[in-house]
Amino acid sequence: MRVQRTLPPSAAPIEWRDLVEGLVGLVRPQVTMDRLQAEFRAHFGVKHVWFVSSGKAALTLILRALHKLSTRRQVVVPGYTCFSVPSAVVRAGLSVRLCDMNPETLDFDGRHLEEVADSDALCVLATHLLGVGVDVPRVAEICRPRGIFVVEDVAQGFGGERDGKRFGTMGDVSFLSFGRGKNITCGSGGAILTNDDRIGEALAQEYAQLPDESLAGRLINWLEVAATQLLIHPSRYWFPAGLPFLKLGDTKFYTDFPLTRMDSVRAGLLRRWHTRLSRSTASRMAHANDLRRSISSHCQTVRSGQGQAVYLRFPLLMRSRKEKDALCRMSAEQGLGISSMYPSAVGQIAELSAALASEHAPQSMTIAERLVTLPTHELLSDPDLGRLCAAVESIQRDQGLDMDSSREALGAQGRPPAMPRAH
Ligand SMILES: Cc1ncc(COP(=O)(O)O)c(C=O)c1O
C-alpha cells in the first residue's frame, strides 16, 4: 500500500447535505420519489420515467418489455462495452449479437451495423461509451425501417447532448445509471425513460412486478455512500485503492444482480442531482479539453460528434498493448488513476465466448487491447493534469524509442501499423 496522493479513475463526489437528503427520503418516501420523477420528466421532456436498482436492472426491464412487443430475440451490443450489458441481455433471456466499433469514435462501425441489423434483431443498444456520444439518429435511420428498436445506453453519458438533443431522448427508450463511477451517483441505481406509450405500457407491467428494496438494503447503501464520500478524495483514496479485497474497478459478468425498484433513500441522495450534474459536466468537459490540448499532438485521442460530449473519462488509444500496460503500471506506481477499462472485448468474456464464437468484431478487440482512460472528474487539480500528461508523454517517448530500435533490428518487416491521424 503506497501512502500518496492517489486519483480515483472516476469519482462523483457527494456532500454531507446529500446524505441528509437521503435520510429525509427515508421519512418522506412518496414526496421524494414523486419529485424526482417529475424533475426527470421535465428535464428530458419524456412522458414515462421509472427508477430501479441499477443500470443493468433498467436494461433488463427494457429488454423484457421490448420482447413482449416482438418475437425477435437478438440484442445488438457494441463489441466493447461494460460487462453489465451482456449480463442484462442474458438475465432477460435473450441473445447477444455483436456489432463492431470504430476505434476513432467508439461508435458503431456503420457497415457492420447494416449487416447485423437484420430480421432477427429485437433492438440495437446505442451506447454513449465514456460519455463521448454515438450518432443515435444514424442508428435509428438503419433500425426503424427494419422494425428494430433503438435503446440508448446513457449509463456513462448523463449530461451529454448531440445536435441540441440530450443523450437519452433520441432512442425509442433509454436508461441511465447512478452507480458509483458514473456522472452522478446515489451508490447504485438506474432510470428508464421513454416517450413511446406502447413501450411505456409494457414497461409499466414489468415494473409492477418488481419488489421494493429492503430497509436493510437501503441503509447499507446509504452507509456505503457515506464511506465513499469520506474516502474518494485523492488525499485519502490510497487507502481503499490499497485494499485488494474491495476489488475496486473490477469488471465481472454476472446475472444474479438485484432487480428491484429504486427506494426513496437513494432518491433522496439524488435530490440535488441537477446542481451536481451541472458541476460535474462542466469540470469533466474542461479537464477533457485540457488533456486533449496537451496530449493530442503525440497520441491518438477519440473524436466526438457535434455537441456536448461529457467525458466520464478521457479515452486514449495507445499504439500497442505493451504501451498500454506500461502506462497502467506507471499509473499504479504514481497513483494517477489511469485505467485499462474492461479486461476484454465482449466476445472474449469467458461465459459468452462459446456462444459468440462465430461473431466477428476485430476492431473492438483492438480497442480492448489499446484503450486507456484518464480521469476527468472534479477532484483533479492542475498539477494532477500536468502529471497525467507527463506520464503519457514519457511512456510514448520510451516505447517510441523501443519501437524505433526493434524496427532497426527487424528492418521494414518490423514496422508498426500506421496510426490514424490524431484529432
Ligand atoms: C455502458 C454501461 N451500460 C450499463 C451499465 C450498467 O449500469 P449499473 O452499473 O448501474 O448496473 C454500465 C455500468 O457500468 C455501463 O458502463
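Residues numbered from 1 in each chain as written. Predicted model: local features only at pLDDT ≥ 70, side-chain atom pairs only at ≥ 80, totals over all residues.

With that out of the way, let us pick up the overall build of the chain. The secondary structure content of the chain amounts to 14 helices and 15 strands. Relative to the globule expectation of 22 Å for 423 residues, the C-alpha radius of gyration of the chain, 21 Å, shows essentially globular dimensions. With respect to the three principal axes, the spread of C-alpha positions in the chain is 70 × 50 × 40 Å. Residue burial in the chain is summarised as follows: out of 423 residues, 48% are buried. Counting contacts in the chain only where the partners sit at least 6 residues apart, residues at least 24 apart contribute 77% of the total. (Helix = DSSP H or I, 4+ residues; strand = E, 2+ residues; numbered from the N terminus. Rg over C-alpha atoms; globule rule 2.2 N^0.38 Å. Buried ≥ 20, exposed ≤ 12 C-beta atoms within 10 Å, placed from the backbone. Contact = placed C-beta atoms within 7 Å.)

What follows concerns helix α11 (residues 273–295). Between its terminal C-alpha atoms α11 stretches 32 Å, which fits the 33 Å expected from 23 residues at 1.5 Å a residue. Listed in full, the buried residues belonging to α11 are Trp273, Arg276, Ser280, Thr281, Arg284, His287, Ala288, Leu291 and Ile295. (Expected span 1.5 Å × (residues − 1).)

What follows is about the nonpolar core. Grouped together as the largest cluster of nonpolar side chains are 117 residues, with contacts concentrated most on Ile62, Val75, Cys123, Val124, Ala191 and Ile192. Among the elements that take part in this core, helix α3 (residues 55–68) stands out by supplying eight residues, more than any other. Each of domain 1 (16–216) and domain 2 (237–260 + 273–414) gives at least three residues to this core. Once residues within four sequence positions are removed from consideration, Val75 is found in contact with Leu63, Val89, Leu94, Ser95, Val96, Arg97, Leu122, Cys123 and Leu125. (Core = buried A, V, L, I, M, F, W, Y, C linked by C-beta atoms within 7 Å. Domains from an automatic or database assignment.)

With that settled, the discussion passes to unusual backbone geometry. We note that Asp163 has phi near 45 degrees; this positive angle belongs to a residue other than glycine. Within the secondary structure layout, Asp163 lies in the loop between β8 (161–162) and β9 (165–166). At Met341, a position not held by glycine, the phi torsion is positive, near 60 degrees. For Met341, the location among the structural elements is in the loop between α12 (321–334) and α13 (362–370).

The next thing to look at is the sheet that holds strand β6 (residues 121–127). The strand order across the open sheet formed by seven strands is β1-β11-β10-β7-β6-β2-β3, and the pairing between neighbours is mixed. Taken across any chain shown, the strands that pair with only one partner, and hence form the sheet edges, are β1 (48–52) and β3 (95–99). Sheet twist, expressed as the mean angle between neighbouring strand axes with direction ignored, is 25 degrees. Summarising the sheet, β6 and strand β7 (residues 149–153) pair through five bridges and their orientation is parallel. From the neighbouring strand, Val124 faces β7, where its bridge partner is Val150. (Pairing = 2+ DSSP bridges. Axes fitted to C-alpha atoms, helices over the stretch in contact; angles between N-to-C directions.)

Let us now look at the site of the ligand. Ser54, Gly55, Cys82, Ala155 and Ser177 are the nearest of the 15 residues found near the ligand. At the level of secondary structure, the elements contributing two or more residues to the shell around the ligand comprise α3 and α4 (84–91). (Near = placed C-beta within 6 Å.)

A few words on the domain arrangement of the chain. In terms of domains, the chain is made up of domain 1 (16–216) and domain 2 (237–260 + 273–414). Relative placement of domain 1 and domain 2: their C-alpha centres are 23 Å apart. Taken residue by residue, the interface counts 47 residues in domain 1 and 44 residues in domain 2. Elements that contribute at least two residues to the side of domain 1 that touches domain 2 include exactly α3, β2 (74–78), α4, β3, β4 (101–102) and β8. With four residues, the top contributor of residues to the side of domain 1 that touches domain 2 is α4. Split into classes, the residues belonging to the side of domain 1 that touches domain 2 amount to 20 nonpolar, 15 polar and 12 charged. (Nonpolar A, V, L, I, M, F, W, Y, C, P; charged D, E, K, R; others polar.)

In contact at an axis separation of 9 Å, α3 and helix α7 (residues 197–208) are set at 120 degrees when each is read in the N-to-C sense. Considering their axes alone, α3 and α7 lie oblique with respect to each other. In this structure, α3 meets α7 at a crossing whose hand is right-handed. Contacts from Leu61, Ile62, Arg64, Ala65, Leu66 and Lys68 in α3 reach Ile199, Ala202, Leu203, Glu206 and Tyr207 in α7. (Parallel < 35°, antiparallel > 145°, perpendicular 65-115°, else oblique. Left-handed = near helix turned anticlockwise from the far one by under 90°.)

On to the packing of α3 against α4. One way to put it is that α3 packs onto α4 with a least axis distance of 8 Å and a crossing angle of 40 degrees. When the axis of α3 is compared with that of α4, the two are oblique. Taken as a pair, α3 and α4 cross one another with a handedness that is right-handed. Where α3 abuts α4, its residues Gly55, Lys56, Leu59, Thr60 and Leu63 lie against Ser84, Val85, Ser87, Ala88, Val89 and Arg91. Within the contact of α3 with α4, the residues separate by chemical class into five nonpolar, four polar and two charged.

Per-chain confidence: the chain averages 92 in pLDDT, with 92% of residues scoring 70 or above. Counting interchain partners and residues more than four positions distant, the pLDDT-below-50 stretch residues 408–423 has 18 contacts. (pLDDT = per-residue confidence, 0-100.)

The terminal C-alpha atoms of α12, which comprises 14 residues, lie 20 Å apart, in line with the 20 Å expected from a rise of 1.5 Å per residue. Buried within α12 we find Glu323, Lys324, Leu327 and Ser331. Buried residues along α12 cover an arc of 100 degrees about the axis, so they all sit on one side. Across α12 from its buried face, at more than 90 degrees, point the exposed residues Arg329 and Glu333. With its phi angle positive at about 65 degrees, Gly335 sits one or two positions after the end of α12. (Arc of directions from axis to C-beta.)

This part covers the pairing of strand β11 (residues 190–194). If a strand is regular, its side chains alternate between the two faces of the sheet. Within β11, five of the five residues are buried, which leaves the element mostly enclosed by the surrounding structure. Relative to β11, β1 is paired through five bridges, and the arrangement is antiparallel. Bridging across to β11, His48 finds its partner in Thr194. As judged from the five bridges shared by strand β10 (residues 173–177) and β11, these two strands associate in the antiparallel manner. Along β11, the bridge assignment pairs Phe175 with Ile192.

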